[in-house]
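Below, each chain spelled out in residue letters.
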Amino acid sequence: MAVTPPAQQIWWKEPVERVELVWIVLAFVWGLAMFGTMIAWHIVGKQNLANEAYRTLPETYMAKAEAFAEKYKVREEGKTGVPVVRPPAGADVYILGRLWEWWPVLELEKGQSYRLHISSLDWQHGFSLQPVNINIQVHPGYEHVLTITPDQAGQFAIVCNEYCGIGHHQMTGKIYVVERNPQ
Ligand code: CUA
């Protein structure tokens, strides 16, 4: 019971004010327009990726990523000896995010397609590929799969763009895209 109840108790049966109706219609139409834009960007934009997602477990995913890195490792780099992994064209490739790195480093061939799997072993991270600015939220327990075809050679950086604690700013990774082998 309100302290000062309205004089007319059944106020909700009043007709809606005209101006209010206009605002409701405008907001609804704008909502539809934004929804349409979301779908349109998926088709004409370059950043909304058509990815698949599957349930997994951190330990299952780690085992797959480690087996992958072991199998196709070509060298190590950096002080920490992070493996550089060069899978064959068309292969399933794995990147894992964890506090605080993207692991391993990939070496892919330009013009070839790969099935890129990404998951997190601990917290939520933001996979952000630079400078092309491709972004995807990475959750533990979910395996995201993207079909990618690198179209320019060079070195691409992966940064984490979802705050994940004290080492967030150091959470980086790398993808090399190399020219196709002549043979
Ligand atoms: Cu991982 Cu921020």
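Scroll up for the structure.
Attention in this report is confined to the structure presented alongside it.

About the cut-offs
Residues numbered from 1 in each chain as written. Predicted model: local features only at pLDDT ≥ 70, side-chain atom pairs only at ≥ 80, totals over all residues. Heavy atoms only, no water. Helix = DSSP H or I, 4+ residues; strand = E, 2+ residues; numbered from the N terminus. Rg over C-alpha atoms; globule rule 2.2 N^0.38 Å. Buried < 20%, exposed > 50% of the residue type's maximum accessible area, 1.4 Å probe, protein only. Contact = heavy atoms within 4.5 Å. Areas by Shrake-Rupley, 256 points an atom, 1.4 Å probe, with all protein chains shown as cover. Lys, Arg positive; Asp, Glu negative; His and termini not counted. Charge placed at Lys NZ, Arg CZ, Asp CG, Glu CD. Polar contact = N/O pair within 3.5 Å; in protein donor to acceptor, adjacent residues only side chain to side chain. Phe/Tyr/Trp six-rings, centres within 6.5 Å; stacked < 30°, edge-to-face > 60°. Pairing = 2+ DSSP bridges. Axes fitted to C-alpha atoms, helices over the stretch in contact; angles between N-to-C directions. Patch = residues over 30% accessible without salt bridge, like charges linked within 9 Å, V, L, I, M, F, W, Y side chains within 5 Å. Salt bridge = Lys/Arg side-chain N within 4 Å of Asp/Glu carboxyl O.

To continue, consider the overall build of the protein. Per the secondary structure count, the protein includes two helices and 12 strands. Listed N to C, the secondary structure of the protein is α-β-α-β-β-β-β-β-β-β-β-β-β-β in terms of helices and strands. Computed over the C-alpha atoms, the radius of gyration of the protein is 24 Å, more than 25% above the 16 Å expected from 2.2 N^0.38 for a compact globule of 183 residues. Based on the C-alpha atoms only, the size of the protein along its principal axes is roughly 85 × 35 × 25 Å. The 183 residues of the protein split such that 33% are buried. When contacts within the protein are restricted to residue pairs at least 6 apart in sequence, long-range pairs at least 24 apart make up 59% of them. Only carbon and sulfur atoms are counted for the fraction: they give 60% of the accessible area of the protein, which is about 12000 Å². For the protein, the distance from the average position of its 15 positive side-chain charges to the average position of its 18 negative side-chain charges is 5 Å.

This next bit is on the side chain of serine 120. Looking at where serine 120 falls in the secondary structure, it is placed in strand β7 (residues 114-120). From its side chain, serine 120 meets the backbone nitrogen of aspartate 122 in a polar contact 3.1 Å long. Contact partners of serine 120, with chain neighbours within four places excluded, come to Gly97, His125, Val138, His139, Pro140 and Gly141.

Now for the packing of aromatic side chains. The final tally for this structure, using the stated rule, is four aromatic pairs. An aromatic cluster is defined as three or more aromatic residues linked by ring pairs; in this entry it consists of Tyr61, Phe68, Tyr72 and Tyr94.

Let us look at the sheet that holds strand β4 (residues 92-98). Here we have five strands laid out as an open sheet, ordered β1-β10-β7-β4-β5, and mixed in their pairing. In the strand order of this sheet, the two ends are held by β1 (52-55) and β5 (101-103), each with one partner. Shown here is a sheet whose adjacent strand axes are inclined to one another by a mean of 25°, direction ignored. In this structure, β4 lies alongside β5, joined through three bridges in antiparallel fashion. Note on β5: the bridge partner recorded for arginine 98 is glutamate 101. Relative to the sheet, helix α2 (residues 58-72) contacts β4, β5, β7 and β10 (142-148), its axis offset from that of β4 by approximately 125°.

Residues Phe35, Met38, Ile39, Trp41, Ile43 and Val44 make up a contiguous nonpolar surface patch of roughly 700 Å² in combined accessible area. Along the polypeptide, methionine 38 turns up in helix α1 (residues 18-44).

Applying the stated criterion across every chain, the model contains nine salt bridges. Glutamate 107 serves as the salt-bridge partner of arginine 86, at 3.2 Å between the closest nitrogen and oxygen. In this pair, arginine 86 is assigned in the loop between β3 (82-85) and β4 and glutamate 107 in strand β6 (residues 105-109), connecting sequence segments 21 residues apart. On the basis of relative accessible area, glutamate 107 is assigned to the buried category, the value being 7%. For arginine 86, the salt bridge is made with glutamate 109, and the minimal N-O distance between the two is 3.2 Å. Here the residue arginine 86 occupies a position in the loop between β3 and β4, and glutamate 109 occupies one in strand β6, the gap between them amounting to 23 residues.

With that settled, consider the sheet that holds strand β11 (residues 154-160). What the seven strands build is an open sheet, ordered β2-β3-β6-β12-β11-β8-β9; its pairing is mixed. Since the sheet does not close on itself, it has two edges, and those belong to β2 (73-77) and β9 (134-138), each with one partner. Geometrically, the sheet is characterised by an average inter-axis angle of 20° between neighbouring strands, direction not taken into account. Pairing of β2 with β3 involves four bridges; the strand directions are antiparallel. Note on β3: the bridge partner recorded for arginine 75 is valine 84. Strands β2, β3 and β6 of the sheet are contacted by α2, whose axis makes an angle of about 100° with β2.

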